[in-house]
Amino acid sequence: EGNLNIICKYVGANADLLGYVLRVKKNTHTEALKGNCGLTEEKYRSLFREALLPYPKLLSFFPEEIECEPSVDFLKGLEKVVDPKRPKERKDKSNIDMVKPYGILMTNYHALTHLPEMEGHTYTIEIKPKCGKYEKTPTAIRTMLKTNEELIKENPTVYYNIIGDKVLDFDVKQVQKLKDKPGEYFSNYNPMHMFSRDKKLVVEALKNLRACPQVNLRMHRDGVKTNVLSDDLLETVAEIVVDTKVMDYILEVQKNTEKSIEEAYATHYKICTDMSEGAARKIIECVLPKCLLYGSTWKPANPEEEHWMEVLKYLLSMSARDCSVMITFRASKHIVDPTHKLGHNERVISSKGRNYIVKVLSLIHI
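Please read these numbers as outputs of a predicted model, since none were measured by experiment.

**As for the pairing of strand β10 (residues 325-332)**
Right, so step 1: Taken across its eight residues, β10 has seven buried, putting it largely inside the fold.
Right, so step 2: Relative to β10, strand β5 (residues 118-127) runs antiparallel, the two sharing seven bridges. From the neighbouring strand, Tyr123 faces β10, where its bridge partner is Phe329.
Right, so step 3: Pairing analysis gives eight bridges linking β10 to strand β12 (residues 354-362), with the strands arranged antiparallel. Within the sheet, the bridge partner assigned to Ile327 lies in β12 and is Val360.

**Concerning the environment of Ile66**
Right, so step 1: Considering the arrangement of structural elements, one finds Ile66 in strand β3 (residues 66-68).
Right, so step 2: When its relative accessible area of 40% is taken as the criterion, Ile66 is described as partly exposed.
Right, so step 3: The sequence separation of Ile66 and Thr107 amounts to 41 residues, and the corresponding C-alpha distance is 9.8 Å.
Right, so step 4: If sequence neighbours within four positions are ignored, Ile66 has contacts with Gly103, Ile104 and Leu105.

**Description of the packing of aromatic side chains**
Right, so step 1: For the structure shown, the criterion picks out three aromatic pairs.
Right, so step 2: When the centroid spacing of 5.7 Å and the interplanar angle of 25 degrees are considered together, the rings of Tyr123 and Phe329 count as stacked. Taken as a pair, Tyr123 in strand β5 and Phe329 in strand β10 lie far apart in primary sequence, 206 residues in all.
Right, so step 3: The exposure class of Phe329 is buried, given its relative accessible area of 1%.
Right, so step 4: Seen in terms of ring centroids, Phe170 and Tyr189 are 5.2 Å apart; in terms of plane orientation they differ by 90 degrees. Their pairing is edge-to-face. Taken together, the residues span a long stretch of sequence, with Phe170 in helix α7 (residues 169-180) and Tyr189 in the loop between α7 and α8 (191-194) at a distance of 19 residues.

**Regarding the pairing of strand β4 (residues 103-107)**
Right, so step 1: Summarising burial for β4: four of the five residues are buried, a large majority.
Right, so step 2: Bridge count for strand β2 (residues 20-25) against β4 is five bridges, and the pairing is antiparallel. Among the inter-strand pairings, Arg23 is bridged to a residue of β4, identified as Ile104.
Right, so step 3: Direction of pairing for β3 relative to β4: antiparallel, over a ladder of three bridges. Across the sheet, residue Ile66 finds its bridge partner in β4, namely Leu105.

**Looking at the sheet that holds β3**
Sheet strands line up and pair through hydrogen bonds in the backbone, either parallel or antiparallel.
Right, so step 1: Spatially, β1-β2-β4-β3 is the arrangement adopted by the four strands of the open sheet, whose pairing is antiparallel. Each having just a single partner strand, β1 (5-9) and β3 make up the two edges of the open sheet. Each neighbouring strand pair of the sheet contributes to a mean axis angle of 25 degrees, computed without reference to strand direction.
Right, so step 2: With five bridges connecting them, β1 and β2 associate as antiparallel partners. Across the sheet, Ile7 pairs through a bridge with Arg23, a residue of β2.

**Comments concerning the pattern of salt bridges**
Right, so step 1: Enumeration according to the criterion identifies 18 salt bridges in this entry.
Right, so step 2: The salt bridge involving Arg210 is made with Asp231; its shortest N-O contact spans 2.9 Å. In this pair, Arg210 sits in helix α9 (residues 199-211) while Asp231 sits in helix α10 (residues 231-244), placing the two residues 21 residues apart along the sequence.
Right, so step 3: Its salt-bridge partner being Glu304, residue Lys282 comes within 3.1 Å of it at the nearest N-O pair. Of this pair, Lys282 sits in helix α13 (residues 277-294) while Glu304 sits in helix α14 (residues 303-320), and the two are 22 residues apart along the sequence.

Reading guide: rules and limits
Residues numbered from 1 in each chain as written. Predicted model: local features only at pLDDT ≥ 70, side-chain atom pairs only at ≥ 80, totals over all residues. Heavy atoms only, no water. Buried < 20%, exposed > 50% of the residue type's maximum accessible area, 1.4 Å probe, protein only. Helix = DSSP H or I, 4+ residues; strand = E, 2+ residues; numbered from the N terminus. Pairing = 2+ DSSP bridges. Contact = heavy atoms within 4.5 Å. Phe/Tyr/Trp six-rings, centres within 6.5 Å; stacked < 30°, edge-to-face > 60°. Axes fitted to C-alpha atoms, helices over the stretch in contact; angles between N-to-C directions. Salt bridge = Lys/Arg side-chain N within 4 Å of Asp/Glu carboxyl O.

Printed below as a string of structure tokens:
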């Protein structure tokens, strides 16, 4: 479950549905309109598909998705299953939308290509690496710390992490949590370690996330949530992170925001709130496909494209602050035959003397 959707994996006997997941929309509230250039999910997806039609190569990256209207009975049953597991702060705003039910049947991106020589369990790790660069410390946070001696006494590391001129956005969020929820455990996770390209530092970052995962680390074994991940498996995940350079892509996009933390969020919400459907259409039609297809090598051809390119880069950079990286892997008994066709975004990685089939997905790296 996320803020806007619930994703269900199909585990029944219908062969036509195996390998699919169903994404169900939750109630549309103010926050829901801020992720898709101010558009509803249905309108955004329609515009996006239209914009990709002239680019066959791009379309191949986006498997066919089937829009559907789940029955109310099905959604009520899903709500009964999900609701007891929700934290208290989410219960008042997380109901499934039963007034305008909307679902998308889509490829299960967690699934790995089945190979006869596979062994052991399939692990899926979701990491939210957060922002990997230092920024100017918000004045409100510095003032709050200086006037809250109890918080400093109970969490001295917080004081030293925050009180300087430069700070990580993650630490700012931790301080806000401690202020709003006294007694909450402060995470020692350091995003800079996750983005370091140094395997030892990445392992340390993963161990700190494991000790205090909050919503920044989720682990599944064979599709079932687990809180147990051995040090050996963490080292394998660290090698995958370093080898695939997935964090490099995210950090590159994050750097498109060079404002203070307060200014960055204020500007982001202003753009999303003020953006009209016409402006969103300009971004989706004029620059989004070209950015996806050509990456940083594409240069705007005129002032209009340049303007919308800057807006898009800003929106992407803010999304990259809180995006997830999904890593799925499973051991192989033998070295995989290089002629064997692997699935979308799959590769083979060696770790601790074993070969793994690996799939890495993130918001930024297609």
